[in-house]
Amino acid sequence: MYLYKAVIPRFAPLFHFNRLLSFTSVTLAVSTSKRSLSTVEEMKAIILGAYESGQSANGDKLTTLTDTASNLDTKWGTLISRFIRMYGPIKKGKSRLNLGARDDYPIISLVGIGPMEAGVNPVEQLDEKKENIRLAVADGLKSIRGLDIESITEIDVDDMGDPQSVAEALYLADFRFDELKNEKSRRKPIKFNLLNGDSASQAAWERGRLLAEGQNMARRFADMPANLMTPTIFTDEVTKFAANTGVKVTVRDKEWMEQMKMGSFLSVTHGSDEPPKFLEMHYNNKPGSKPIVYVGKGITFDSGGISLKPSLNMDEMRADMTGAAIVASTVITLAKLGAKVNVIGLTPLTENLVNGKATKPGDVVRAMNGKTIQIDNTDAEGRLVLADALTYADTFEPSHVIDIATLTGAMRIALGDAMTGIWSTSDDMWNKILSSSLVSGDRVWRFPLLKAYTKEMTECHLADINNLAKKRLAGSQVAAAFLKEFVTCPNWMHIDIAGVMSHGSDRGYLAAGMTGRPFRTILPLIESLAADEN
């Protein structure tokens, strides 16, 4: 800690966070009050932004402060500028702490938000300026959190010209699924405040907060252990969260499914003692328009059934209901935003387990639309529950139908966790979700819907269609082709999120665990589709 003794006017120790550093204890003197940071009852930190702005004549990198940071720099007697001159520019996506320089802000985190001229990179399919801000703000928050000082209760934040992205980064990065741990191990809450925001900035900040909190809701549902997130618990929790939002929630039971002749969905439920549920959510803030129906796979635990999965990493199958979680959080968040949409969310919910009544490979069932299905793999259950849900979706005469599911392991092979797979019968829907993904940072990639994939299942020995292709090729494509056989709406999109379901380690502004991706891509898609409806 030799920097503490350095002769630097009004500067206390500095830590350069190229990575998040862990401290078991930190006690640093505030320069003017001489009090220890760790003993102050409450204090504020601040996060400020700095752009990369080219190079000087001698090759040194140049830094330009954001408007907010520049105004504070002037007010503080060029404190920030001297800080940069002394220790050099801040790298893109990284942060640097200045501790003890001011009484009002004893912790200052300066973050590098990259080139001022950054924008959409067509190769990366990403608005790099927005993503740079999200990554930098998240790193700034981590550096402050890494000090492990409980007296930090608030953080004021520079809007950096994009308050929505700033809010998204903060609320996403600060989320941890720790509610099942003892209270001492849980993350202490910190309040975030936007600096000097006008009404437009505050509105953008609030949208970013609601989008992040909506994604966090889906993350929480997906990460909850399966014994604590059964179909019944899921519907109870969603009903609670939807209260007073304007969302109408209806929970259907097994008897209703039998009346609707949902034989495909019911075949998956046979192996579980937990009663299945079918959750229906309606939010209509655009009377007179046709609804957009959004369907999410809700397998609250997937053992594979008789076609049992390997035991390695089977615990992650608690999140096989991520599609349902995202659907529920999307409808609720649209209501909180007061979005001008007419949307219906449908989530078939069950466990896929094994008992004496479980569906067997080779069994044939009849779906709601009358088609018979030969079930040769009980681990291809997602398409079975979605088949009846999609058939039911068409009864609402929708303008568009979207389904989302952790459907195929093949998706991880195809795209890893960098992108979400998309299949669509509508070029307009594809173009809209692509545009949305550039802004959100949750990228998407379109795959084909060819008759060649359909034939892999419709040339079936015992029934109209098999739930398993003849060849072990193009697994995600044939799964999408299977679903298409149960959709009549001409504007349909299938979203396979198996690859982006989880992270094994921290990734920028998302911590390890279930991700809730690509929630912030899909919600604006629904808003955009609704805007086109007369």
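Check the entry above for the structure.
It should be emphasised that the depicted structure is a prediction, and the values quoted were computed from it without experimental measurement.

**Considering the environment of Glu237**
- In this fold, Glu237 is placed in helix α6 (residues 231–242).
- Along the chain, Glu237 and Phe221 lie 16 residues apart, while their C-alpha atoms are 9.0 Å from each other.
- Non-local contacts of Glu237, meaning those with residues more than four positions away in its chain, are made with Arg220, Phe221 and Met229.
- One polar contact links Glu237 to Arg220, side chain to side chain, over a distance of 2.9 Å.

**Digging into the pairing of strand β16 (residues 372–375)**
- Both faces of β16 are covered, namely the face carrying Thr372 and Gln374 and the face carrying Ile373 and Ile375.
- Pairing of strand β15 (residues 363–366) with β16 involves four bridges; the strand directions are antiparallel. Bridge pairing in β16 links Val364 to Gln374.
- The pairing of β16 with strand β20 (residues 465–466) spans two bridges and is parallel. In the strand pairing of β20, Ile373 is matched with Ile465.

**So, the pairing of strand β11 (residues 277–284)**
- Here β11 lies mainly inside the structure; six of its eight residues are buried.
- For strand β10 (residues 248–252) and β11, the ladder comprises five bridges, and the chain directions are antiparallel. Residue pairing for β11: Val251 is matched across the bridge by Leu279.

**Focus on the packing of aromatic side chains**
- Inspection of every chain in the model, using the stated rule, returns 13 aromatic pairs.
- An angle of 90 degrees between the planes, with centres 5.3 Å apart, marks the rings of Tyr171 and Phe192 as edge-to-face. With a gap of 21 residues between them, Tyr171 in helix α4 (residues 163–173) and Phe192 in strand β9 (residues 191–194) connect regions that are remote in the sequence. Neither residue differs from the other here; Tyr171 and Phe192 are each classed as buried.
- When the ring of Trp256 is compared with that of Tyr392, the centres are 5.2 Å apart and the planes differ by 80 degrees; the resulting orientation is edge-to-face. Of this pair, Trp256 sits in helix α7 (residues 254–259) while Tyr392 is found in helix α10 (residues 382–393), placing the two residues 136 residues apart along the sequence. The residues Trp256 and Tyr392 share a single accessibility class, namely buried.
- An aromatic cluster is defined as three or more aromatic residues linked by ring pairs; in this entry it consists of Trp256, Phe265, Phe278, Tyr392 and Phe396.

**Examining the nonpolar core**
- Judged by nonpolar contacts, the single largest core of 55 residues is most densely connected at Phe234, Ile402 and Ile495.
- For this core, the element with the highest residue contribution is helix α9 (residues 322–337), accounting for nine residues.
- Apart from the residues lying within four places of it in its own chain, the contact partners of Phe234 are Phe221, Met229, Leu279, Met321, Ala324, Ala325, Ala328, Thr347 and Leu349.

**Quick notes on the pattern of salt bridges**
- Here the structure, examined in full by the defined rule, presents 31 salt bridges.
- One salt bridge connects Arg209 with Glu213, and the closest N-O pair in it is separated by 2.7 Å. Note that Arg209 and Glu213 are positioned in helix α5 (residues 199–223) at a spacing of four residues, about one turn of the helix.
- With a relative accessible area of 32%, Glu213 lands in the partly exposed category.

**Thoughts on helix α2 (residues 79–87)**
- By the burial criterion, the buried members of α2 are Leu79, Ile80, Phe83 and Ile84. All buried residues of α2 lie within an arc of 135 degrees about the axis, which places them on one face of the element.
- Positive phi appears at Gly88, one or two residues downstream of α2, with a value of about 90 degrees.

**What about the packing of helix α3 (residues 128–145) against α4?**
- Packing of α3 against α4 brings their axes to within 8 Å, and their N-to-C directions diverge by 40 degrees. The angle between the axes of α3 and α4 places the two elements in the oblique class. In the crossing of α3 with α4, the sense of the turn from one axis to the other is right-handed. Residue-level contacts link Lys130, Ile133, Arg134, Val137, Ala138 and Leu141 of α3 to Ser165, Val166, Glu168, Ala169, Leu170 and Ala173 of α4.
- Each residue belonging to the contact of α3 with α4 can be placed in one class, and the counts come to eight nonpolar, one polar and three charged.

Reading guide: rules and limits
Residues numbered from 1 in each chain as written. Predicted model: local features only at pLDDT ≥ 70, side-chain atom pairs only at ≥ 80, totals over all residues. Heavy atoms only, no water. Helix = DSSP H or I, 4+ residues; strand = E, 2+ residues; numbered from the N terminus. Contact = heavy atoms within 4.5 Å. Polar contact = N/O pair within 3.5 Å; in protein donor to acceptor, adjacent residues only side chain to side chain. Buried < 20%, exposed > 50% of the residue type's maximum accessible area, 1.4 Å probe, protein only. Pairing = 2+ DSSP bridges. Phe/Tyr/Trp six-rings, centres within 6.5 Å; stacked < 30°, edge-to-face > 60°. Core = buried A, V, L, I, M, F, W, Y, C linked by side-chain atoms within 4.5 Å. Salt bridge = Lys/Arg side-chain N within 4 Å of Asp/Glu carboxyl O. Arc of directions from axis to C-beta. Axes fitted to C-alpha atoms, helices over the stretch in contact; angles between N-to-C directions. Parallel < 35°, antiparallel > 145°, perpendicular 65-115°, else oblique. Left-handed = near helix turned anticlockwise from the far one by under 90°. Nonpolar A, V, L, I, M, F, W, Y, C, P; charged D, E, K, R; others polar.

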